[in-house]
Amino acid sequence: MLDINFDTLQSDHLSAIHDAQSLESLEHLKLTLLGKKGLLTQALKTIGQQPKETRAELGQRINAIKASFLDAFEKRTNQLRDQAIHHRVKTETVDVTQPVNTAQTGHIHPITQITRAICDFFGQHGYSVKQGPEIETDFYNFKALNIPDDHPARDMHDTFYLDPNHLLRTHTSPVQIHVMETHELPIQIIVPGRVYRCDSDSSHSAMFHQIEGLLVSKTASFAELKSILTQFLKHMFGSDKCVRFRPSYFPFTEPSAEVDVAWTDKQPWLEILGCGMVHPNVLKAVNIGPSVYKGFAFGLGVERIAMLKYNIPSIKLFYENDQRFLNQF
Ligand code: PHE
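Conventions used here
Residues numbered from 1 in each chain as written. Predicted model: local features only at pLDDT ≥ 70, side-chain atom pairs only at ≥ 80, totals over all residues. Heavy atoms only, no water. Pairing = 2+ DSSP bridges. Helix = DSSP H or I, 4+ residues; strand = E, 2+ residues; numbered from the N terminus. Axes fitted to C-alpha atoms, helices over the stretch in contact; angles between N-to-C directions. Near = heavy atom within 4 Å. Polar contact = N/O pair within 3.5 Å; in protein donor to acceptor, adjacent residues only side chain to side chain. Areas by Shrake-Rupley, 256 points an atom, 1.4 Å probe, with all protein chains shown as cover. Contact = heavy atoms within 4.5 Å. Phe/Tyr/Trp six-rings, centres within 6.5 Å; stacked < 30°, edge-to-face > 60°. Lys NZ or Arg CZ within 6 Å of the ring centre and 35° of its normal. Domains from an automatic or database assignment. Parallel < 35°, antiparallel > 145°, perpendicular 65-115°, else oblique. Left-handed = near helix turned anticlockwise from the far one by under 90°. Nonpolar A, V, L, I, M, F, W, Y, C, P; charged D, E, K, R; others polar.

A. Representation of the sheet that holds strand E4 (residues 166-168) in the model. Taken together, three strands build an open sheet; the order of strands is E2-E4-E3 and the sheet is antiparallel. Strands with a single pairing partner mark the edges of an open sheet, and in this sheet they are strand E2 (135-137) and strand E3 (161-163). Between one strand and the next, the sheet's axes are offset by a mean angle of 35°, whatever the strand orientation. As paired elements, E2 and E4 share three bridges and run antiparallel to each other. Each residue of the ladder has a partner; that of Thr 137, found in E4, is His 166.

Written out as structure tokens, the structure is:
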């Protein structure tokens, strides 16, 4: 017979299981009793060395103790788990009446919002977005756009020169040239971007944003240009607004027009954008035959559109990052 008092072993350990204060100590106890080297496991192993007559009875006894332990372990585990849950429920209460500490999140700058809205509109009408470099050569910014060296239009641009041949682009029109040089016809693009001019007052900034549009195809017409720009301006400012095309001059378009919008027929017309049919010289500069292909182009100032749309008195407000201003958009 094994030299173990099974009654004490059972009652001592059952109370130890019952008194265990944590899942870890319970686990530890389980290892001591039922693990590979545990008390009961060892006892079961020695049964073979016992006298034959006692083996069966001994085996049953040990297995019964094992079953009682397993049962006690399960009960205590459940109790400890419940206790832990109750403890959490009690201690982790949320006071729903506390003021909310919301994180301050930023939002998209009004100039970017307007730019995206404009690109979205033209995107839905078949135009794809293109971009170009902000540092240009004289050729792309002026010459290829039919603005020769001595042309008075150069004075209108108040250019920042980096060296005699490099400058900060004064408009997004040079992207017309880049795209016509590299893309297959027909072309239908919208070009948002930063442009630079030595100019600064309440409605001018040395850096501002333009959006250029260009369509080159065999059938492009002034009627098509008028149609898309009228739709665009009514979309942007409201379908009740009045739109008019007024003859104007740009070296790279012929005929050229400026487009004005009026809120009511009593208010003055506000100039919104420039446009026209691409000048044959511009098409020739990129080896497109003007007798087969026609184009129209338009260019608008994003700040100007935003200022008119939201009645903003100074362009500087867009760049000062004053939260009181920006939070209104
Ligand atoms: N590039 C012109 C400007 O900056 C705008 C324009 C673009 C006019 C395309 C006609 C056609 O004023």
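B. Expanded view of the site of the ligand. Not every one of the 14 residues close to the ligand is listed here, only the nearest: His 171, Ser 173, Arg 197, Gln 210 and Glu 212. Residue Ser 173 places a side-chain N or O atom 2.9 Å away from a nitrogen atom belonging to the ligand. Take Arg 197: an N or O atom from its side chain is 2.9 Å from an oxygen atom of the ligand. In isolation the ligand offers 320 Å² of accessible surface; the protein chains occlude 90% of this area.

C. Highlighting the sheet that holds strand E1 (residues 128-129). Strand order in the open sheet formed by seven strands is E1-E5-E6-E10-E9-E8-E7, with mixed pairing between adjacent strands. Either end of the sheet is taken by a strand with one partner, and the two such strands are E1 and strand E7 (242-250). Sheet analysis places E1 next to strand E5 (residues 187-196), joined by two bridges and oriented parallel. Note that in E5 the partner of Val 129 across the bridge is Ile 190. Across the sheet, helix H5 (residues 110-124) touches E1, E5, strand E6 (207-217) and strand E10 (294-301), and the angle it forms with E5 is around 165°.

D. Region of the structure containing the packing of aromatic side chains. Under the criterion given, the structure shown has 14 aromatic pairs. With a centroid separation of 5.1 Å and an interplanar angle of 85°, the aromatic rings of Phe 139 and Tyr 140 are classed as edge-to-face. Taken together, Phe 121, Phe 122, Tyr 127, Phe 232 and Phe 298 form an aromatic cluster joined through their ring pairs. Across from the ring centre of Trp 263, 5.7 Å away, lies the NZ or CZ of Lys 241, which sits over that ring.

E. Examining the domain arrangement of the chain more closely. Domain parsing of the chain yields domain 1 (6-91) and domain 2 (110-326). Between domain 1 and domain 2, the C-alpha centre-to-centre distance is 84 Å.

F. Summary view of the packing of H5 against helix H9 (residues 222-237). The contact between H5 and H9 brings their axes to 11 Å, and the two run at 135°. In terms of orientation, H5 and H9 fall into the oblique class. The two elements H5 and H9 cross, and the hand of that crossing is right-handed. Across from Ile 114, Ile 118, Phe 121 and Phe 122 in H5, the residues of H9 making contact are Ile 228, Leu 229, Gln 231, Phe 232, His 235 and Met 236. When grouped by side-chain class, the residues that make up the contact of H5 with H9 number eight nonpolar, two polar and no charged.

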